[in-house]
Amino acid sequence: MRILVIEDDRKTAEHIVRALGEHGHVVEHAADGATGLARARAGDHAALIVDRMLPGLDGLSLVRQLRDEGVVTPVLFLTTMSGLNDRVEGLEGGGDDYLVKPFAFAELVARVGAITRRAAALEGSGEPVRLRCADLEIDLIRRTTQRAGRDIDLQAQEFRLLEYLLRNTGRVVTRAMLLEHVWDIHFIPRTNVVETHMSRLRTKVDRGFERELIHTVRGVGYVLRAG
Amino acid sequence: MRARFLHTDAFRLAAIYTAIFALTVAVLGFSVMFITRDALRTQILQFAGADNAAVQSGYQTAMVREAVEVVQQRMSAPGASDYFLLQQGGRTIAGNLPPMAEQTGIHELAGPGGHVILGMGQKVAPGLYVFSGSDLSRVHAAENRILATMLWLFLLALLVAAGSGFLVSRAFLRRSDAMARACRAIMDGDMKARIPLRGTQDELDRLAATINEMLDRIAALMENLRQVTNDIAHDLRTPVTHLRHGLEQALHDCDAPGDYAAALEAAIRKSDEMLDLFAALLRIAQIEGGARRAAFAPLDLKEVLAGLREVFGAVAEESGHSLQICEMPAAVIRGDRALVVQLFANLIENAVLHTPAGTAITVTLTLAGDRARVVVGDNGPGVPEADHQKLFRRLYRRESSRTYPGYGLGLSLVLAVAELHGASPRILVDRRPGLWIELGFPLLHVAA
């Protein structure tokens, strides 16, 4: 995938370029808002990684302008932690996700994967009614879950968690992503919220079946895949 | 510096009022003078006219002899003119004036002793002329008296105005100087200096009281800042020291690449911890700065608590606690959802982390007047009352909780978020066993 990084801090940009390059992405870099805007218009990128604070044209205005021009490339905002309102502003301004600096690279890679996947899914035949991975299937309308033809009774939270995993099948999702998207929690809890709910979901979905579908990625998060 | 009072508003105001008063006095004085002069002249002319008419009627009764008689009578009558002349053929036959040109009507003429006489001349019969008049110096004297009075009044007003302007501005200067002195003392480092109050409840006193309150608040904030800075410096030493030890040890002990990887992972974990600490501190500082008020929206506490039960119910169960959340009434407040969620999450997590398994955690939402009252508590060992005040302090950790992960910022964040929402947290001292914290959120009044 071709990814454009618009980031003025040279060190951070170098790190991002290297980390994403190692994951097989082709990464371009622009160091200021004006150059970034020109490249984003011209290039056919799978995703944009945009710093909120840029010299010249700031990140939020840049993305607003792109959206006004009809460019729908998914955008991941990078913000500093001092901006408490950055998240809401960023998402309202046309961003697809945000990441607070400093961040772990696994987190960055996972989030870039999630937003490009989401964009690809939207380009397809609209919102799916069923999500499937191997012999596990959920019905988004009837809110039912089946594995190997057997009904599984999930609570509302567990269903949402499984739905998010299924939407990102084959991609690593981090704890922070789960907290934000499943529970709408925007801080890191001190108790093992994610582990507890994940273990309950696993008991229902994986226990007693031949193959495990939910895998733990040590130090990063989880992935749902058939293999 | 000596004439500083000249530059005060009080003095300027006094000067303006004085000028207006002086102008009024001048206009009034001249008006009175002109009216008086006019009235006196009219009076003189009235007397003269009456006298002339008497002479005329005397002449008509008994010719010149009677006219002379009338003049002599009039000269001693009260309320008559001062000067008379009855002349026949250019010769004075009665009166106290020398012969003159026979001018009829109102006119002024020079009298004896340089006096000016105002009067009226009239021809009584062919060859017979009468003139009656009065000394104008009477009028001039009256005018001068009026002018003099007005001048004295004017000078007095000027004196009073200047004096009171000086006194008022000096009193004002004295008090503003006191304020300036207090401010300067604070600038010089005496944070305890305050503006003296006079107890008069006037506007300056109220201003001074407000400034003193502001200074108290600033002093408290500075003290808080100082303490936090100390604590941060102190608390950060520990993780940085650990990080350094770890790295040093790795450098010394590691042989295999695997060992280095493990040491580096540990180092990254340690730096993440420190970054988390900074993030938490910044977050609290931002919340205290009120940055999030812009994101306030109506929000139902019942809904928030129900969501938290779903998230933390399982967590509490997993660690052997029970979490009971009673959120019967709907309670709509104005607030920031993400922060309010974090506030209650912190309280619930505190209870989960700091009480032994088997402890029951209870959250209740009730309505009390115009407030939504939320009580979060547990029946665990609790916290000694002596430590209650310290609980909300930044970076404060009780000895017994040092074995758990954390920085002692959970309750500081609770405090910051609660105050942002107008809900000061209170520890319920009487409620035992365990630790019970009560928060009263102002309910949103929806226009019916």
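Above: the structure in question.
Residues numbered from 1 in each chain as written. Chains lettered and ligands numbered in written order. Predicted model: local features only at pLDDT ≥ 70, side-chain atom pairs only at ≥ 80, totals over all residues. Heavy atoms only, no water.

A. Spatial organisation of the overall build of chain A. Scanning chain A from N- to C-terminus turns up eight helices and 12 strands. Its C-alpha radius of gyration of 19 Å places chain A within 12% of the 17 Å reference for a compact globule of 227 residues. If you line up chain A on its principal axes, its C-alpha atoms span 55 × 40 × 30 Å. Residues counted as buried form 49% of the 227 residues belonging to chain A. A separation of at least 24 residues holds for 57% of the contacts in chain A among residues at least 6 apart in sequence. When the accessible surface of chain A is split by element, carbon and sulfur atoms take 50% of a total near 10,800 Å². (Helix = DSSP H or I, 4+ residues; strand = E, 2+ residues; numbered from the N terminus. Rg over C-alpha atoms; globule rule 2.2 N^0.38 Å. Buried < 20%, exposed > 50% of the residue type's maximum accessible area, 1.4 Å probe, protein only. Contact = heavy atoms within 4.5 Å. Areas by Shrake-Rupley, 256 points an atom, 1.4 Å probe, with all protein chains shown as cover.)

B. Inspection of the environment of R371 of chain B at higher detail. Residues and elements named next belong to chain B. Structurally, R371 is set in strand β10 (residues 371-378). Taking C-alpha positions, R371 is 8.8 Å from L444, a pair spaced 73 residues apart along the chain. A polar contact of 2.6 Å, which involves the side chain of R371, links it to the backbone oxygen of G440. (Polar contact = N/O pair within 3.5 Å; in protein donor to acceptor, adjacent residues only side chain to side chain.)

C. Representation of the layout of surface pockets in the model. Residue and element names in this part refer to chain B. Volume-wise, the second largest pocket comes out at about 860 Å³. In terms of lining, the second largest pocket is formed by 28 residues, of which the most central are L221, N224, E288, R394 and L415. Of all elements in the fold, only α3 (203-253), α4 (257-288), α7 (388-391), α8 (410-420) and β11 (426-427) reach the threshold of two or more residues within the lining of the second largest pocket. By residue number, the principal contributor to the lining of the second largest pocket is α3, which donates eight residues. Residue composition of the lining of the second largest pocket, grouped by class: 14 nonpolar, seven polar and seven charged. Both domain 2 (203-288) and domain 3 (292-442) contribute no fewer than three residues apiece to the lining of the second largest pocket. (1 Å grid on protein atoms, 1.4 Å probe; cavity = no way out; pocket = protein on both sides within 12 Å on 5 of 7 lines; lining within 4 Å. Points joined across faces, edges and corners; volume = space filled by probe spheres on them. Nonpolar A, V, L, I, M, F, W, Y, C, P; charged D, E, K, R; others polar. Domains from an automatic or database assignment.)

D. Fine view of the packing of aromatic side chains. For the structure shown, the criterion picks out two aromatic pairs over all chains. Look at F103 of chain A and F105 of chain A: their rings are 5.9 Å apart centre to centre, the planes differ by 90 degrees, and that puts the pair in the edge-to-face class. Of the residues examined, F103 of chain A reaches a relative accessible area of 15% and is grouped as buried. When the centroid spacing of 6.0 Å and the interplanar angle of 50 degrees are considered together, the rings of F344 of chain B and F441 of chain B count as tilted. A residue pair is termed long-range when its members are at least 10 positions apart, and F344 of chain B in helix α6 (residues 337-354) and F441 of chain B in strand β12 (residues 436-442) qualify at 97 residues. Sitting over the ring of F77 of chain A, R52 of chain A keeps its end group 6.0 Å from the ring centre. (Phe/Tyr/Trp six-rings, centres within 6.5 Å; stacked < 30°, edge-to-face > 60°. Lys NZ or Arg CZ within 6 Å of the ring centre and 35° of its normal.)

E. View of the sheet that holds β11 of chain B. Residue and element names in this part refer to chain B. Reading across the sheet, the five strands line up as β7-β9-β10-β12-β11 and stay open at both edges, with mixed pairing between neighbours. Two strands lie at the open edges of the sheet, namely β7 (322-326) and β11, each paired on one side alone. Relative to β10, strand β9 (residues 360-368) is paired through eight bridges, and the arrangement is antiparallel. Note on β10: the bridge partner recorded for L365 is V374. (Pairing = 2+ DSSP bridges.)

F. Region of interest: the pattern of salt bridges. Residues and elements named next belong to chain A. Applying the stated criterion to the full structure yields 39 salt bridges over all chains. With a closest N to O distance of 3.5 Å, R142 and D139 form a salt bridge. Note on R142: relative accessible area 58%, which makes it exposed. Here R167 makes a salt bridge to E163, at a shortest N to O gap of 3.0 Å. Of this pair, R167 and E163 both sit in helix α6 (residues 156-167), separated by four residues, roughly a single helical turn. Within this structure, R130, R132, E137, D139 and R142 form a network of salt bridges that share partners. (Salt bridge = Lys/Arg side-chain N within 4 Å of Asp/Glu carboxyl O.)

Nothing here speaks to function; it is geometry throughout.
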